[in-house]
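Examination of the molecular architecture
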Amino acid sequence: MPDGHPLLRGERLFRELLDASPDAMVITDRSGRIEVVNRQAVTMFGYTAEELAGSPVEELVPEGPTAVQPTAEESGRELEARRKDGTTFPCEVSLSPLVSDDAPLVIATIRDITKRHQLEEQFQQAQKLEAIGRLAGGIAHDFNNRLTAILGYADMALAQLNPSHPLWRDLQEIKTAAHRSSTLTRQLLAFSRRQVLRVEAVSLNDVVRQTDRLLERVIGEQITRELKLDEAVPAIKADTGQLEQILTNLAVNAKDAMPDGGCLTIETHAADMTRHHPDARPGMADGPYAVLSVTDSGHGMTRTVRDKIFEPFYTTKAPGEGTGLGLASVYGIVKQLKGHVGVSSEPGRGSTFRLYFPATDEAVPAVRPSVPEAAAVGRERVLLVEDESGLRSLVFTILTRHGYRVIEADTAEAGLQLARRSDQPFDLILTDVVLPGLSGIEMVKTLQPLRATNVLYMTGYSDLVIEGRGPAESDPLIVKPFSAQELLRTVRNVLDGAA
Ligand SMILES: Nc1ncnc2c1ncn2[C@@H]1O[C@H](COP(=O)(O)OP(=O)(O)OP(=O)(O)O)[C@@H](O)[C@H]1O
Ligand SMILES: [Mg+2]
């Protein structure tokens, strides 16, 4: 050990203090020549202490503090450090003078900040996706209301025409286009975590097994599928339809990455997350998780691609072959369920997507028997509250044409007045959730104690569901955009107590 300087000579305590530091510590003379290094410096840089003694500190931090001012204090300068093998890593250098009677020395503390940089990057990525999500969600929400009206009117017009009518085909085209657009808004809403989810305790394994049958058709025979399901995987709170959607999106991507065939592996397992778990991410709560991983042996991706894959409309596929919404919606759905998505992939070496879902203690309910379809007409009195006029008049028309007696209001306040003034109770309150002024839920809360009645909420927005300002999980709900048939069926079910 080159303990040449008198201050360092024979001072065991000093040595031990140095070695106890989690940071690399390098003591130099005023010209930047290394006198002493601690154990962590040896580990961090890969040199022996002997190799370092006498070398310029620039060996370790090339752009470093060349003209080291022995009296200057400096803390937390971000620089690049270089190991013996030539690899580099980001570091934070702090300098402090060590005053002595002999020649002055400088202590440089070098902290490896690779992990911090990674976390910052992840955080920025998440923030960016958050911002795009808000924008996309806002557009998709308004668009959904209009699509519901387009679909509904097209349906009603079709119901009055004979298929031989010259307008029949045009109307069918309008319907098809509107349907396609509603798929798009659904994906955007999923990405922005505003999709209405009907979450319940589900078994990830059950969903994988069910979806696997579908996947066979989706991915074809050139690709072999392998399921490795861990029976110890905990139940999760999720929407089964959404989980199927996630699996399908990932499988289709895998298929596209393996044009000449290959292997698709779907695995589940249990994981206990703590801050120290290698896959832990900022904001991820500690605790038990169910992990779903989907691995393909396809062409993989470069880092540049990997950094962008969750952005909506990011695609590397030819025009018409991909919209770039598959992974964006996977990301949104998983986040909405308070989960996490990780990906590892390298060019030529396949890809693995790992999805973490928080476990639940709730028991998975037994499969419900399907309710026989009720006749969709009725004579009941319905109070309809919806602010978007196109949608309101559509719902009004559908219901009145099927026998219901409907009174409309465009705000919750107007709805309350109508309900109070009416001498006959309504059989059903059919209301939007988000309204200007009072919300549909507040209106119902005010009315219910006066006159208990059936309620059906219409919504295309799930922020409220998440923030707990929305309908309770057990409240009947119809999700926009809906078709005339869906509306009639749901209204009938609610009135008959079957929903
Ligand atoms: N398993 C995979 N292997 C290699 N690259 C992938 C894989 N999954 C996704 N990618 C890359 O990520 C991009 C985005 O995927 P995403 O599913 O969001 O959109 P898409 O598949 O291009 O279009 P869409 O799913 O909307 O039809 C893809 O274009 C592809 O470059
Ligand atoms: Mg895709």
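1. What to know about the environment of Ala140
Summarising the element assignment, Ala140 is placed in helix H4 (residues 114-160). The class of Ala140 is buried, set by 24 C-beta atoms lying within 10 Å. Separated by 246 residues in sequence, Ala140 and Glu386 place their C-alpha atoms 18 Å apart.

2. Description of the sheet that holds strand S11 (residues 340-345)
Taken together, 5 strands build an open sheet; the order of strands is S7-S9-S10-S12-S11 and the sheet is mixed. Sheet topology places strand S7 (223-229) and S11 at the edges, where each strand pairs with a single neighbour. Strand-to-strand twist across the sheet, computed as the mean angle between neighbouring axes with direction ignored, equals 15°.

3. Here we look at the domain arrangement of the protein
As assigned here, the protein comprises domain 1 (6-112), domain 2 (118-191), domain 3 (201-358) and domain 4 (381-495). Computed from C-alpha coordinates alone, the two centres of domain 1 and domain 2 are separated by 60 Å.

4. Notes on the site of ligand 1
Taken together, the neighbourhood of ligand 1 is formed by 23 residues, with Asn253, Thr315, Gly322, Gly326 and Leu327 sitting nearest. For the shell around ligand 1, the secondary-structure elements that each account for two or more residues are helix H7 (240-257) and helix H9 (326-336). Residue contributions to the shell around ligand 1 peak at 4 residues, all from H7. Across the shell around ligand 1, the residue classes tally to 9 nonpolar, 12 polar and 2 charged.

5. Some thoughts on the sheet that holds strand S5 (residues 105-112)
Reading across from one edge, S2-S1-S5-S4-S3 is the order of the 5 strands in this open sheet, with antiparallel pairing throughout. Each edge of the open sheet is held by one strand with a lone partner, namely strand S2 (34-37) and strand S3 (74-82). Neighbour-to-neighbour, the strand axes of this sheet turn through a mean angle of 30°, independent of strand direction. Relative to S5, strand S4 (residues 88-98) runs antiparallel, the two being bridged by 8 bridges. Directly across from Leu98, in S5, lies its bridge partner Leu105.

6. Section: helix H14 (residues 484-495)
With 12 residues, H14 extends 17 Å from end C-alpha to end C-alpha; this agrees with the ideal 16 Å at 1.5 Å per step. Residues Ala484, Leu487, Leu488, Arg489, Thr490, Val491, Arg492 and Val494 constitute the buried set of H14. In this structure, the buried residues of H14 make contact with H4, helix H10 (389-401), strand S15 (428-432), strand S16 (454-459) and strand S17 (477-479).

7. Things to note about the nonpolar core
Of all hydrophobic cores here, the largest spans 49 residues; its most connected members are Ile236, Leu250, Ala290, Val330, Tyr331, Leu355 and Phe357. Contact partners of Phe357, with chain neighbours within four places excluded, come to Ile236, Ala238, Tyr289, Ala290, Leu337 and Gly339.

8. A look at unusual backbone geometry
A cis amide bond links Lys480 to the next residue, Pro481, at an omega of -5°. Residue position: Pro481 is located in the loop between S17 and H14. Despite not being glycine, Phe313 has its phi angle at roughly 70°, a positive value. Looking at the secondary structure, you find Phe313 in the loop between helix H8 (303-306) and H9. Of note, Lys338 is a non-glycine position whose phi angle comes to about 65°, a positive value. By the element assignment, Lys338 lies in the loop between H9 and S11. Since 15 C-beta atoms lie within 10 Å of it, Lys338 is described here as partly exposed.

Basis of the calculations
- Residues numbered from 1 in each chain as written.
- Chains lettered and ligands numbered in written order.
- Predicted model: local features only at pLDDT ≥ 70, side-chain atom pairs only at ≥ 80, totals over all residues.
- Helix = DSSP H or I, 4+ residues; strand = E, 2+ residues; numbered from the N terminus.
- Buried ≥ 20, exposed ≤ 12 C-beta atoms within 10 Å, placed from the backbone.
- Pairing = 2+ DSSP bridges.
- Axes fitted to C-alpha atoms, helices over the stretch in contact; angles between N-to-C directions.
- Domains from an automatic or database assignment.
- Near = placed C-beta within 6 Å.
- Nonpolar A, V, L, I, M, F, W, Y, C, P; charged D, E, K, R; others polar.
- Expected span 1.5 Å × (residues − 1).
- Contact = placed C-beta atoms within 7 Å.
- Core = buried A, V, L, I, M, F, W, Y, C linked by C-beta atoms within 7 Å.

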